[in-house]
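Next come the chains, spelled out residue by residue.
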Amino acid sequence: MKVQNLKRFTMCAIVLLLGGFTIAGVPEGGYHLLKKYDLGAAPGGKEYWDYITFDAATRRLYISHNTEVKVLDADSGGIVGSIPDLKRVHGIALVSDLGRGLISDGGADEAVVFDLKSLKVTNHIKTGGNPDCIIYDPASKHVFTMNGKTNDSSVIDPSSLAVIATIPMGGRPEYAVADGKGMIYDNIEDKNEVVALDSRSNTVKARWPIAPAEEATAMDMDVQHRRLFIGGRNQILAIMDADTGKVLQTFPIGSGVDTNIYEPETGLLFTATREGTLHVFHEDRPDRFSVVETVKTEFGARNGALDPKSHKLFIDTADFGPAPAPTAEQPKPQPAPVSGTFRLLVYGR
């Protein structure tokens, strides 16, 4: 009996010890606002913004701002320059090996090419209608635009600056991520599904439902453990197996999600929403995530980027006026941002 009791005690001690290590391994919360940088009024006076791209090599932030791209020093917040005279900017993809960047200009139905050093525009490439998300895929060494109006993807060779393929996406494509091994995953917002796209053959290999999430606009990926993080506008975050399409776990989130960011070093997942919430989750193991905290930010702060060196988050927003009166065309009008109040918020611990 004494031997059995000793064995039981030993096993309990091991379980408690391992449990202690598990708990200790979960990062604490404490994310809060560190700084604000005023970015000035958008050219033409109409405030609009979308994706932010962070370049770790140059410590620069590329921020979409209606008809321009603002370029900031991520450490000082100083404005390095801008890329002006665009129509309606969505995203910015960087091809550092070629010294080029490409901007998805949804208002002009084109990808705008610029020089990374001078920030001067060098070329315009016609794409499908209303290119939104734009990403560089290191496996194929091609740039993909996700075109919301024509429901397709334009494949661009950044060396020749030519569109080499157009891929039907079967619905309105939104945010996409590349796994670096030849697969691109994209939210099809109006079909409530994710497509798996082979970037070498330029063909769709699979379509997976994202239920119970709907109208997904945000995505990121844990490449090592093959997990997709899908933000639905019905206020549900879905975590999906990137090889089988199985939804493994879901969490409630705020309304108006537009950014998911996964940080491999810490296992943290950040979700930013328009209502002004920053949700922080932790990957306890590949099949189980937990809530770390929910940070109150500012209304409209739904687009962001992460600096993996400092672990700081950059999120932009502006002041908003009251929503206009409902009309037949706009039965649920949204508050409009106030010109000249656009700013960058920096969060950290």
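As the structure is a prediction and not an experimental result, all values here were calculated from the model.

S.K.: Account for the nonpolar core, with residues named and values stated.
M.R.: The biggest cluster of nonpolar side chains holds 17 residues, and the ones touching the most others in it are Tyr185, Val194, Leu228 and Ile230. The leading source of residues in this core is strand S18 (residues 216-222), at three residues. Discounting chain neighbours no more than four positions away, the residues touching isoleucine 230 are Asn187, Val194, Ile210, Ala216, Ala218, Met219, Ile236, Leu237, Ala238, Met240 and Asn260. If you look at the next biggest cluster of nonpolar residues, it comprises 15 residues, including Leu72, Ala74, Phe314 and Phe342.

S.K.: Explain the sheet that holds strand S17 (residues 203-209) to me, using residue names and the numbers behind them.
M.R.: Within the open sheet, the four strands sit side by side as S14-S15-S16-S17. Their pairing is antiparallel. Across the chains shown, the open sheet's two edge strands, defined by having one partner strand only, are strand S14 (173-178) and S17. If you compare each strand with its neighbour and ignore which way they point, the axes differ by 25° on average. As judged from the six bridges shared by strand S16 (residues 193-198) and S17, these two strands associate in the antiparallel manner. Bridge pairing in S17 links glutamate 193 to proline 209.

S.K.: Describe the pairing of strand S9 (residues 121-126), naming the residues involved and giving the relevant values.
M.R.: The side chains of a regular strand alternate between the sheet's two faces. Bridge analysis of strand S8 (residues 110-115) against S9 gives five bridges, and the strand direction is antiparallel. Note on S9: the bridge partner recorded for valine 112 is histidine 124. Where S8 folds back onto S9 in an antiparallel hairpin, the turn is made up of five residues, including leucine 119, whose phi is positive at roughly 65°.

S.K.: Just give me the short version of unusual backbone geometry, but keep the residues and values in it.
M.R.: Here alanine 211 and proline 212 are connected by a cis peptide whose omega angle stands at 10°. Looking at where proline 212 falls in the secondary structure, it is placed in the loop between S17 and S18. Even without being a glycine, aspartate 85 presents a positive backbone phi close to 65°. Here aspartate 85 is to be found in the loop between strand S5 (79-83) and strand S6 (89-95). Its relative accessible area of 72% is what places aspartate 85 among the exposed residues. Not every positive phi belongs to a glycine, and leucine 119 is a case in point at roughly 65°. Along the chain, leucine 119 falls in the loop between S8 and S9.

S.K.: I'd like a description of the pattern of salt bridges, backed by residues and values.
M.R.: Applying the stated rule across the entire model yields 15 salt bridges. Between arginine 343 and glutamate 298 there is a salt bridge, and its shortest N-O distance comes to 2.7 Å. Remark: glutamate 298 occurs in the loop between strand S25 (288-296) and strand S26 (303-307) and arginine 343 occurs in strand S28 (residues 343-348); sequence separation between them is 45 residues. Grouping residues by exposure puts arginine 343 and glutamate 298 together as buried. Here the salt bridges share partners, and the residues they tie into one network are Lys36, Glu298, Asp319 and Arg343.

Cut-offs and rules
Residues numbered from 1 in each chain as written. Predicted model: local features only at pLDDT ≥ 70, side-chain atom pairs only at ≥ 80, totals over all residues. Heavy atoms only, no water. Core = buried A, V, L, I, M, F, W, Y, C linked by side-chain atoms within 4.5 Å. Buried < 20%, exposed > 50% of the residue type's maximum accessible area, 1.4 Å probe, protein only. Helix = DSSP H or I, 4+ residues; strand = E, 2+ residues; numbered from the N terminus. Contact = heavy atoms within 4.5 Å. Pairing = 2+ DSSP bridges. Axes fitted to C-alpha atoms, helices over the stretch in contact; angles between N-to-C directions. Salt bridge = Lys/Arg side-chain N within 4 Å of Asp/Glu carboxyl O.

Geometry only, nothing functional implied.
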